[in-house]
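# Residue-level structure breakdown
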Amino acid sequence: HDLMAEYLSGIKKVVVRALPQDEQWDVALVLRALQDAPFEPMQTAEIKFVSAKVAVLLALTTAARVSELTALTITGITFSGDYKVIINQDPAFAPKHVATLYRRTPVVLRAYFPEPQGESETRRHLLCPVRAVRLYMQRTSDSRRTQQLLVTYGGRTPGSALSSQRLSHWLRDGIAAAYQTVGKRAPMLKAHSTRGMATSIAVKA
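Residues numbered from 1 in each chain as written. Predicted model: local features only at pLDDT ≥ 70, side-chain atom pairs only at ≥ 80, totals over all residues. Heavy atoms only, no water.

### Topic: the packing of helix 3 (residues 47-62) against helix 7 (residues 129-140)
Interaxial distance between helix 3 and helix 7 falls to 10 Å at its minimum, and their mutual angle equals 145°. Helix-helix and strand crossings are classified by hand; for helix 3 and helix 7 the assignment is left-handed. Of the residues in helix 7, those touching helix 3 at Ile 47, Val 50, Ser 51, Lys 53, Val 54, Leu 57, Leu 58 and Thr 61 are Pro 129, Arg 131, Ala 132, Val 133, Tyr 136, Arg 139 and Thr 140. (Axes fitted to C-alpha atoms, helices over the stretch in contact; angles between N-to-C directions. Helix = DSSP H or I, 4+ residues; strand = E, 2+ residues; numbered from the N terminus. Left-handed = near helix turned anticlockwise from the far one by under 90°. Contact = heavy atoms within 4.5 Å.)

### Some points on the pattern of salt bridges
Taken as a whole and assessed by the stated rule, the structure comprises 5 salt bridges. A salt bridge links Arg 123 to Asp 36; the nearest nitrogen and oxygen atoms lie 2.9 Å apart. Taken as a pair, Arg 123 in helix 6 (residues 118-124) and Asp 36 in the loop between helix 2 (27-33) and helix 3 lie far apart in primary sequence, 87 residues in all. For Arg 123, a relative accessible area of 33% translates into the label partly exposed. Residues Arg 65 and Glu 68 are paired through a salt bridge, measuring 3.2 Å at the closest nitrogen-oxygen approach. We classify Arg 65 as buried; its relative accessible area is 17%. In this structure Glu 68 comes out as buried when scored by relative accessible area, which is 5%. (Salt bridge = Lys/Arg side-chain N within 4 Å of Asp/Glu carboxyl O. Buried < 20%, exposed > 50% of the residue type's maximum accessible area, 1.4 Å probe, protein only.)

### Side note on the packing of helix 3 against helix 8 (residues 164-181)
Put simply, helix 3 and helix 8 touch, their axes get as near as 8 Å, and they point 100° apart. When the axis of helix 3 is compared with that of helix 8, the two are roughly perpendicular. Each of Phe 49, Ser 51, Ala 52, Ala 55, Val 56 and Ala 59 in helix 3 lies in contact with helix 8, whose residues at this interface are Leu 167, Trp 170, Leu 171, Gly 174, Ile 175 and Ala 177. Taken together, the residues of the contact of helix 3 with helix 8 break down into 10 nonpolar, 2 polar and no charged. (Parallel < 35°, antiparallel > 145°, perpendicular 65-115°, else oblique. Nonpolar A, V, L, I, M, F, W, Y, C, P; charged D, E, K, R; others polar.)

### Structural notes on the sheet that holds strand 1 (residues 72-80)
Pairing in this open sheet of 3 strands is antiparallel, and the strands run 1-2-3 from one edge to the other. Each edge of the open sheet is held by one strand with a lone partner, namely strand 1 and strand 3 (107-110). Mean inter-strand twist for the sheet, computed between neighbouring axes without regard to direction, equals 20°. Pairing between strand 2 (residues 84-89) and strand 3: 4 bridges, direction antiparallel. Across the sheet, residue Lys 84 finds its bridge partner in strand 3, namely Arg 110. Each of strand 1, strand 2 and strand 3 touches helix 7; the most contacted strand, strand 1, lies at about 125° to it. (Pairing = 2+ DSSP bridges.)

### What about the confidence of the model for the protein chain?
For the protein chain, per-residue confidence averages 89 on the pLDDT scale, and residues scoring 70 or more make up 91% of the total. Considering each helix and strand of the protein chain separately, the mean pLDDT is smallest for helix 5 (residues 100-103), with a value of 52, and largest for helix 7, with 98. (pLDDT = per-residue confidence, 0-100.)

### What about unusual backbone geometry?
Following Ala 37, the chain continues to Pro 38 via a peptide bond in cis, the omega torsion being 10°. Looking at where Pro 38 falls in the secondary structure, it is placed in the loop between helix 2 and helix 3. Unlike most non-glycine residues, Ala 63 shows phi in positive territory, near 55°. Here Ala 63 shows up in the loop between helix 3 and helix 4 (66-70).

See the structure below:
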């Protein structure tokens, strides 16, 4: 009915204005924090910070959903030296948007300053996703119980496959920890916001 349609249209506008909006967060601040303690050195840092760093870097470099990131597997993972890593998804994974071409496309991560020259490039290399994935696999090799790339580090069964919900916590906790290292209040956000931030950065670049 025309009157009902008009009524619902007005209600929708009211509800949208009432919905809480995610706060914006400073990607540059987070990336700077990931280059220092407690996230570095990744070889010896507490595993929860290593896990959070890997999660944030994967989210920003792939702009993938958390469900897509938890579907990444170490089966068939291929490192091309320090320059590139190719990571496949679990063949059983059903993405939100089902497309044969999409499902067969592996995630390809390229190195960031693979051969750093000088202090500045060496520091930037600490944000290299290829390095992060390699070191993460080394740190989790002894406890790993699954072929899934991202695994739990606590609870009763450390090394088990990570859920999408837990990965969301990793992303929020990692960003919050980055803010805390510089003495700032962490913004209220959802893990999904990393997709928007990643694509916005790409457009601006």
